4 protein chains.
Amino acid sequence: MIHFDCDYMAGAHPEVLKAIVDNNNTQTSGYGEDDFCRNAKCLIRKACGLTDEAAVHFMVGGTQTNATVLDGLLGRTEGVIAAETAHINVHESGAIELTGHKVIALPQHNGKLHADDVRTYLHDFYADETWPHMVAPGAVYISFPTELGTIYTLEELTALSDVCHEYHIPLYVDGARLGFGLAASNDVTLRDVARLADVFYIGGTKMGALFGEAVVCADAQLLPRFFTLMKAHGSVLAKGRLLGMQFGAFFTNDLYLRIGRHGVALAQRLRKAFEEAGYAPFIDSPTNQQFFLLPNALIDRLMEVATFEYWGPRGAEQSKVRFVTSWETTEADIEALEGVIKA
Amino acid sequence: MIHFDCDYMAGAHPEVLKAIVDNNNTQTSGYGEDDFCRNAKCLIRKACGLTDEAAVHFMVGGTQTNATVLDGLLGRTEGVIAAETAHINVHESGAIELTGHKVIALPQHNGKLHADDVRTYLHDFYADETWPHMVAPGAVYISFPTELGTIYTLEELTALSDVCHEYHIPLYVDGARLGFGLAASNDVTLRDVARLADVFYIGGTKMGALFGEAVVCADAQLLPRFFTLMKAHGSVLAKGRLLGMQFGAFFTNDLYLRIGRHGVALAQRLRKAFEEAGYAPFIDSPTNQQFFLLPNALIDRLMEVATFEYWGPRGAEQSKVRFVTSWETTEADIEALEGVIKA
Amino acid sequence: MIHFDCDYMAGAHPEVLKAIVDNNNTQTSGYGEDDFCRNAKCLIRKACGLTDEAAVHFMVGGTQTNATVLDGLLGRTEGVIAAETAHINVHESGAIELTGHKVIALPQHNGKLHADDVRTYLHDFYADETWPHMVAPGAVYISFPTELGTIYTLEELTALSDVCHEYHIPLYVDGARLGFGLAASNDVTLRDVARLADVFYIGGTKMGALFGEAVVCADAQLLPRFFTLMKAHGSVLAKGRLLGMQFGAFFTNDLYLRIGRHGVALAQRLRKAFEEAGYAPFIDSPTNQQFFLLPNALIDRLMEVATFEYWGPRGAEQSKVRFVTSWETTEADIEALEGVIKA
Amino acid sequence: MIHFDCDYMAGAHPEVLKAIVDNNNTQTSGYGEDDFCRNAKCLIRKACGLTDEAAVHFMVGGTQTNATVLDGLLGRTEGVIAAETAHINVHESGAIELTGHKVIALPQHNGKLHADDVRTYLHDFYADETWPHMVAPGAVYISFPTELGTIYTLEELTALSDVCHEYHIPLYVDGARLGFGLAASNDVTLRDVARLADVFYIGGTKMGALFGEAVVCADAQLLPRFFTLMKAHGSVLAKGRLLGMQFGAFFTNDLYLRIGRHGVALAQRLRKAFEEAGYAPFIDSPTNQQFFLLPNALIDRLMEVATFEYWGPRGAEQSKVRFVTSWETTEADIEALEGVIKA
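Residues numbered from 1 in each chain as written. Chains lettered and ligands numbered in written order. Predicted model: local features only at pLDDT ≥ 70, side-chain atom pairs only at ≥ 80, totals over all residues. Heavy atoms only, no water.

1. Re the sheet that holds strand β3 (residues 78–83) of chain D
Residue and element names in this part refer to chain D. Which entries qualify depends on this criterion: At least two DSSP bridges between two strands are needed for those strands to be called paired. In this description a helix means any DSSP run of H or I spanning at least four residues, a strand means any run of E spanning at least two, and both kinds are numbered starting from the N terminus. To get an axis, fit a line to the C-alpha atoms, keeping to the stretch in contact for a helix; angles then go from 0 to 180 degrees between the N-to-C directions. The contact rule is simple, with two residues in contact once any of their heavy atoms fall within 4.5 Å.
What the 7 strands build is an open sheet, ordered β2-β8-β7-β6-β5-β3-β4; its pairing is mixed. Every other strand in the sheet has two partners, leaving β2 (55–59) and β4 (103–106) as the edge strands with one partner each. The sheet shows a mean angle of 25° between the axes of neighbouring strands, taken without regard to direction. Each of β3, β4 and β5 (136–143) is contacted by helix α6 (residues 115–127), which is oriented at about 170° to β5, the strand it contacts most.

2. A look at the side chain of A:Q246
Applicable threshold: Counted as a polar contact is a pair of N or O atoms within 3.5 Å, where, for protein atoms, one must be capable of donating a hydrogen and the other of accepting one, and residues adjacent in sequence contribute only when both atoms are in side chains.
In this structure, A:Q246 sits in helix α11 (residues 241–250). A polar contact of 3.1 Å, which involves the side chain of A:Q246, links it to the backbone oxygen of A:L242.

3. Here we look at the relation of the copies chain C and chain A
In summary, the two copies of the chain are related to each other by a rotation about an axis coupled with a shift along it. To keep it simple, the criterion reads: The copies are overlaid by a least-squares fit using only the C-alpha atoms of residues whose pLDDT is at least 70 in both copies.
Rotating chain C by 180° about the axis while translating it 0.0 Å along that axis superimposes it on chain A, leaving an RMSD of 0.0 Å. Taken together, these values place the two copies in the relation of a two-fold axis. Every residue of chain C has its C-alpha some distance from the rotation axis, and the shortest such distance is that of C:R76, at 3.9 Å. Comparing contact sets, 100% of the residues at the interface of chain C also lie at the interface in chain A, consistent with an isologous, same-surface contact.

4. Considerations on the interface of chain D and chain A
What counts is decided by this rule: Once two parts are joined, some of their accessible surface, as seen by a 1.4 Å probe, is lost; buried area is that loss totalled over both. For salt bridges, the criterion is a side-chain nitrogen of Lys or Arg within 4 Å of an Asp or Glu carboxyl oxygen. Residues are grouped as follows: Ala, Val, Leu, Ile, Met, Phe, Trp, Tyr, Cys and Pro are nonpolar; Asp, Glu, Lys and Arg are charged; all remaining types, including Gly, are polar.
At the junction of the two partners, chain D supplies 42 residues and chain A supplies 42 residues. Around 3700 Å² of area is buried between chain D and chain A when both sides are counted, 59% of it from carbon and sulfur atoms. Considering only the side of chain D, the residues that lose the most area to chain A are D:Y8, D:Q27 and D:K239, jointly responsible for 19% of the buried surface there. The tally of links between chain D and chain A comes to 0 salt bridges. In the side of chain D that touches chain A, the residues fall into 19 nonpolar, 18 polar and 5 charged.

5. Notes on the sheet that holds strand β6 (residues 171–175) of chain C
Residue and element names in this part refer to chain C. The 7 strands are arranged β2-β8-β7-β6-β5-β3-β4 in an open sheet whose pairing can be described as mixed. Strands with a single pairing partner mark the edges of an open sheet, and in this sheet they are β2 (55–59) and β4 (103–106). The average undirected angle you get between the axes of adjacent strands in this sheet is 25°. Strand direction decides the pairing type here: strand β5 (residues 136–143) and β6, joined by 4 bridges, are parallel. Counted as the bridge partner of I142 is V173 from β6. Contacting β2, β3 (78–83), β5, β6, β7 (199–203) and β8 (213–217), helix α3 (residues 62–73) runs over the sheet at an angle of about 170° to β6.

6. Some details on the nonpolar core
Quick reminder of the rule: Throughout this description, the term nonpolar core refers to a set of buried Ala, Val, Leu, Ile, Met, Phe, Trp, Tyr and Cys residues connected via side-chain atoms within 4.5 Å. Each residue is placed in one exposure class: buried if its accessible area under a 1.4 Å probe, protein chains only, is under 20% of its type's maximum, exposed if it is over 50%, and partly exposed if it falls in between.
Counting residues in hydrophobic clusters, the biggest one holds 136 residues, and the most contacted among them are B:F200, B:I202, C:F200 and C:I202. The residues contacting C:F200, other than those within four sequence positions of it, are C:C48, C:Y172, C:V173, C:L178, C:L190, C:V193, C:A194, C:A214, C:V215 and C:V216. With 132 residues, the next largest nonpolar core counts A:L242, D:I81, D:L160 and D:A214 among its residues.

7. Focus on the pairing of strand β8 (residues 213–217) of chain D
All names here are of chain D. Of all 5 residues that make up β8, 5 are buried, and the element is covered over most of its length. Of the two faces of β8, the one lined by E213, V215 and C217 and the one lined by A214 and V216 are each fully buried. For strand β7 (residues 199–203) and β8, the ladder comprises 5 bridges, and the chain directions are antiparallel. Paired with G203 across the two strands is E213, which belongs to β8.

8. Focus: the packing of aromatic side chains
This is how it is decided: Each aromatic pair joins two rings of Phe, Tyr and Trp (for Trp, the six-membered one) with centres within 6.5 Å, and gets the label stacked for planes under 30 degrees apart, edge-to-face for over 60, and tilted for any other angle.
Under the defined criterion, the tally for this structure stands at 74 aromatic pairs over all chains. Between B:Y141 and B:Y172 the ring centres are 5.9 Å apart and the planes differ by 55°, which places this aromatic pair in the tilted class. Of the two residues, B:Y141 sits in strand β5 (residues 136–143) while B:Y172 sits in strand β6 (residues 171–175), which places them 31 residues apart along the sequence. Judged by relative accessible area, which is 1%, B:Y141 ranks as buried. Ring geometry for C:F250 versus C:Y256: centroids 5.1 Å apart, planes at 80°, classification edge-to-face. Exposure class is identical for C:F250 and C:Y256. Each is buried. Three or more aromatic residues joined by ring pairs make a cluster, and in this case those are A:F4, A:F274, A:F292, A:F308 and A:F323.

9. As for the environment of D:A277
Residue and element names in this part refer to chain D. Here A277 shows up in the loop between α12 (255–276) and β9 (289–295). Assessed through its relative accessible area of 34%, A277 is described here as partly exposed. Separated by 61 residues in the primary sequence, A277 and E338 place their C-alpha atoms 9.6 Å from one another.

Spelled out as structure tokens, the structure:
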């Protein structure tokens, strides 16, 4: 049985795991105050084109990262603007609200937030004289790629960055699958993300780490005394070195992007197989998540060789399904699906 | 100059103020442990058709009441379903989120939440196997009347109560203007509200009190150790007797409903004047708030004699405006407007 | 029966009540945007010797005020230093913690916090290299008078102010009974409090208002966007004018201090009566709270004519009790007690 | 250079790491819904003498675990009783307060909380009629071993359990170093902890895991809908399998206790070396943490071969220091210290 349920079903990419295993007996200080972390932070700053002044903070998982970072960025009664389909608005069990902040949901367009919608919201907000009775928008959240596998163009990203800076609020980019997004993009590079986002995180968990996310903040003062906030959120890993080792591996020999390209290439090969058989995707995703409306009969045959998820309830005759590739997907895995699709 | 901006522009109705003044020198225990409060609670329970087991809790203002009650009703990671236009979703500065709870916004229909939408949401929520990653709906919030002055029919209220009980979550009714709603309704009585809502509050501030709201909870165990929660929310009034005195007055000689009927009658008279002059309301409100789209020229003339609010930005030729009546509005006030409208 | 249980057992001082009654029918904007509030703020700034730049915010009750102000002053993971007996540490049901902040309790000395203890704590805190794992002290809270009726000398207050400024954290003074403290002090004036505290509140509830506290903040930027925070805390009164009217009365013809002097004078007369009968106070309070260890037999006789509180459990032969005077206490009330004491 | 700073300076015990490496390519569901977790939970329940009804929840780190569990156990306005030196009161950056709960600090005795102090506090609390204005004690927190390396006897643990059950509040045991405590104890077994604590956690991070803590809750209903609360706290690990693999290894061939005994034996050997050289510990710790007051000259010589922490500031002539052993400490490491001590 092969697996396309999600991108965190296996352990770590061998190069990542090796970094942990090879250094297992080395003793270091805890809480990220070690050379592995220092080295990884340097590599990340360099890959992002940032100076030594930029802060890099390592955390364990995505929800934790979103909740801690946004709690750091937002004023006490500020909320965060996000697409209605955003992970923080739907699938984080209210982690943002638990820390006291409202998610201000705006319409999504193929999973994306439009800069125009954000500008209109911000304009209308301050045009309404009752705004002191309302939750002030204190940041904008997007994910790259989005929940639906779509990605922002450089123009779209720039427009979002512009409107944020016009209103003096930070743009925060959730990069849980950043590597797949960058591999799929024609024009957005890691340096662009680092330049246009005030804060973003480089996702590790879904990109081939055992776990781990790296928050990058060009202006460290946007997240002052952040270690204490992380600790209060339970976001500090005692053996922080593990995060340094993994991100050190990711940013050595271009591993992070290699994994991204691997996942994207296999996803596009799968998409081509479906399209050649006459099945168009219902979302046009260039990344490692592929969404198809398929006849139930085909779904049933595919499920004899592979696991993957329904996207919503099973329909009467056809259903929406999602296939996700990752570092652990192989050419052979795709061939197995192709065999069923063409049969 | 006469005022139609809101229903809390003057002090208290004379009968309410008299209760405070007449008893000013009487000494009592604090925090609501006094005979004025005990008496008012009895009167309220009786008016609601509830037994002595029902809990009545007095608080000072509406936002405070909503935040404290919902914090008491909701589990730690539960949210509250509300219409997107609900006061708690728009105009309480994120008070609900500040206490850790998400407002789950559903579409509004003339300011109202439809039982069908609630049922669909609840059904789909538990049909989605990822629901443990989502904010569980732990209560339903409506206001009677709504932000737009509209009211639920007995059938609509019953349907909402039914769906709540089907899913074992409480229905909470924000009655900031309850008296105006009851006065305007053809079929809903205070006893109906008390029977169909698990918790509701009888609004005082907008109905002619200096301040004060009375939370009614037929099953006191829905809000256990509520005094401590109120205290932690800063919702306990030291001289709690003031709330007892005012609600005692409201529920003596039917004052509460008399005020409701007064405000509604004058609002309807005003509406008739506009309609006869050819201006239809853009929201069909039977209560003390009236919404009209008027030529700017007429608005300007009306503003020479009265204050009232724009409902959104002023338009190029015509604009939306709101008129609110209350206990302090007089027949002469309406006549003054009529004079301008007919001129 | 006469009452010495607390200083909030009756309504409002006649001059305060008159301000509310006389202006009952005047219509104004809500939420404190009215001339009564504007006028009262001017009077308060003037009495405090502050410029027009100083912010004055009105709230309803003490716990609400403490929780809202400290939530505004403290960073997300900062706590507030207070004496172990402080109201916020004992009798506010965890209102400070509910908003996410720790109360850092230091030893009390007759209810007071010593500047030396604060300095030692702050020094040792930053000398401990693990401090980023700890709750950073973000403000110092004291009350004037304290829970035990004691007051700080000008020297003590200056020392506290100095250590706060040395460590760049604000000094916040809870003035629930400020008027009694100022009336009792030999050297501290309202202007001193306004000069030495970064933020303080002038208590109304216990000083003869129906309710209400006035927060004074010489540097308005210490509490930015405070209206929204107040609203989120449920601390905004719709008919905010009531607070303006009452504080307007307090600061007209020196009423606030007159009430303070009245309460203190009667308390000291009562103290003298006890002392002359051979009963020394167990706390040396110069204000309107008096604490005595009395034989149970005397207590029982006093309780035939008056109510007052035990301070802790009743002892086998003698017990600690507290007597509180206020604006409503009369010379005749004291005489009645004197009659029993001397009998 | 050898290291005695803490017990989390190296990676994982080889048997733990092997479980992760050997299963790296196995694909499973995420979020702990996998066979590794199911198996580990069975092993833990069995080792604890608990039935299949008992809940086991895996989390990543200690602060996260304490904050999430206590947030689940405590009512909205309840606090947790703990020794003043408790980790949650000192070194978790206010994580408990961030979720709205007060830490009610009682005196410590060699790092331990005494049942008598708890009983007195609980008795006095409810004897004080103002208790509804106070934070209700909703749980008791202890750690085993304590911050000072000390452990509770079976009698002490039973007494704490008794007083908790007498007042119907849960006893929660932080077992960050549980294995060292059990290895050091003469009479307390894992089954005793499981029987006497309502909830406890088996620490992994400090016991030889890469990370991970296992919360055990005999009555699963004490933590209802706990997955959602964990998610909201950012405590759910996407690749939850890693926790199952590690705890599976811990509870295979008695590894967990073997590590405990290893650390304790080496710590006691080190203690003996100091004692024979005339240096008595200033805390009598039977576990893997050892505390000595040493001449600065000796400290300086020891620091030439090893790293360890000062316990407080360095003194003029002698200083307090702490040595911590762990799975990675070797006999050779101790011999190296012995060489210096005896020199």
